[in-house]
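Coordinate inspection notes
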Amino acid sequence: YQRTPRDVPFGTKPVRLLLQVRRFFCDQPACPRRTFAERLPDLLPRKAQRTARFTAAVQALGFASSAEAAARVGRTLQLPLSPDTALRALRQA
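For the structure given in this document, a descriptive report is provided here. A quick note: this is a predicted structure, and the numbers were derived from the prediction, not measured.

A word on a positive patch on the surface. On the surface, a cluster of positive charge is made up of Arg33, Arg39, Arg46 and Lys47. Positionally, arginine 46 belongs in the loop between strand E6 (35–37) and helix H1 (52–64). By relative accessible area, which is 56% here, arginine 46 ends up exposed.

So this is what it looks like as structure tokens:
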């Protein structure tokens with residue numbers, strides 16, 4: 001299946017990756033999980049919609065300023081985020 005996480009911009013252009021991720025099926029009746037998805041821990045944390053680089057950039061903006069200011073500067077830098085996203089990234093750090 002496909003995943004489309006956000007990544008840091010390339011110059012002035014926003015970047016959205018298109019990842020083909022393999023899905024595996026378990027045909028054992030005793031198996032508690034029926035499907036498994038391929039993980040990419042170096043690029044994308046589990047169930048994340050943003051790459052680790054994008055999250056690090058948002059955290060740096062949040063630590064340097066308030067959440068509202070981080071959202072405004074993020075829009076200027078082609079990092080689309082809301083103040084709530086900046087706060088969540090700070091709490092995650």
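Two elements, strand E2 (residues 6–10) and strand E3 (residues 13–16), share three bridges in a ladder whose sense is antiparallel. Of the residues in E3, the one forming a bridge with phenylalanine 10 is lysine 13. Adjacent in sequence and paired antiparallel, E2 and E3 are bridged by two residues, among which glycine 11 carries a positive phi angle near 70°.

Its location among the elements puts aspartate 7 in strand E2. Among the residues examined, aspartate 7 registers a relative accessible area of 9% and is labelled buried. Among the polar contacts listed, one links the side chain of aspartate 7 to the side chain of threonine 51, at a separation of 2.7 Å. Side-chain polar atoms of aspartate 7 contact the side chain of arginine 53, separated by 2.7 Å. The contacts of aspartate 7, once residues within four sequence positions are left out, are Val15, Leu17, Thr51, Arg53 and Phe54.

Going through the model one piece at a time under the given rule, you end up with zero disulfides. For the unlinked cysteine cysteine 26, the closest cysteine sulfur is that of cysteine 31, found at 3.1 Å.

Membership of the largest hydrophobic core is limited to 10 residues, which are Val8, Phe54, Val58, Leu61, Ala67, Ala70, Leu79, Leu81, Ala86 and Ala89. Elements represented by at least two residues in this core include exactly H1, helix H2 (67–76) and helix H3 (83–92). Looking at which element gives the most residues to this core, the answer is H1, with three residues. Each residue touching leucine 79, except ones within four places of it in the same chain, is listed here: Val8, Pro9, Phe54, Ala57, Leu61 and Gly74.

Reading the values: the criteria
Residues numbered from 1 in each chain as written. Predicted model: local features only at pLDDT ≥ 70, side-chain atom pairs only at ≥ 80, totals over all residues. Heavy atoms only, no water. Patch = residues over 30% accessible without salt bridge, like charges linked within 9 Å, V, L, I, M, F, W, Y side chains within 5 Å. Areas by Shrake-Rupley, 256 points an atom, 1.4 Å probe, with all protein chains shown as cover. Salt bridge = Lys/Arg side-chain N within 4 Å of Asp/Glu carboxyl O. Lys, Arg positive; Asp, Glu negative; His and termini not counted. Charge placed at Lys NZ, Arg CZ, Asp CG, Glu CD. Helix = DSSP H or I, 4+ residues; strand = E, 2+ residues; numbered from the N terminus. Buried < 20%, exposed > 50% of the residue type's maximum accessible area, 1.4 Å probe, protein only. Pairing = 2+ DSSP bridges. Polar contact = N/O pair within 3.5 Å; in protein donor to acceptor, adjacent residues only side chain to side chain. Contact = heavy atoms within 4.5 Å. Disulfide = S-S within 2.5 Å. Core = buried A, V, L, I, M, F, W, Y, C linked by side-chain atoms within 4.5 Å.

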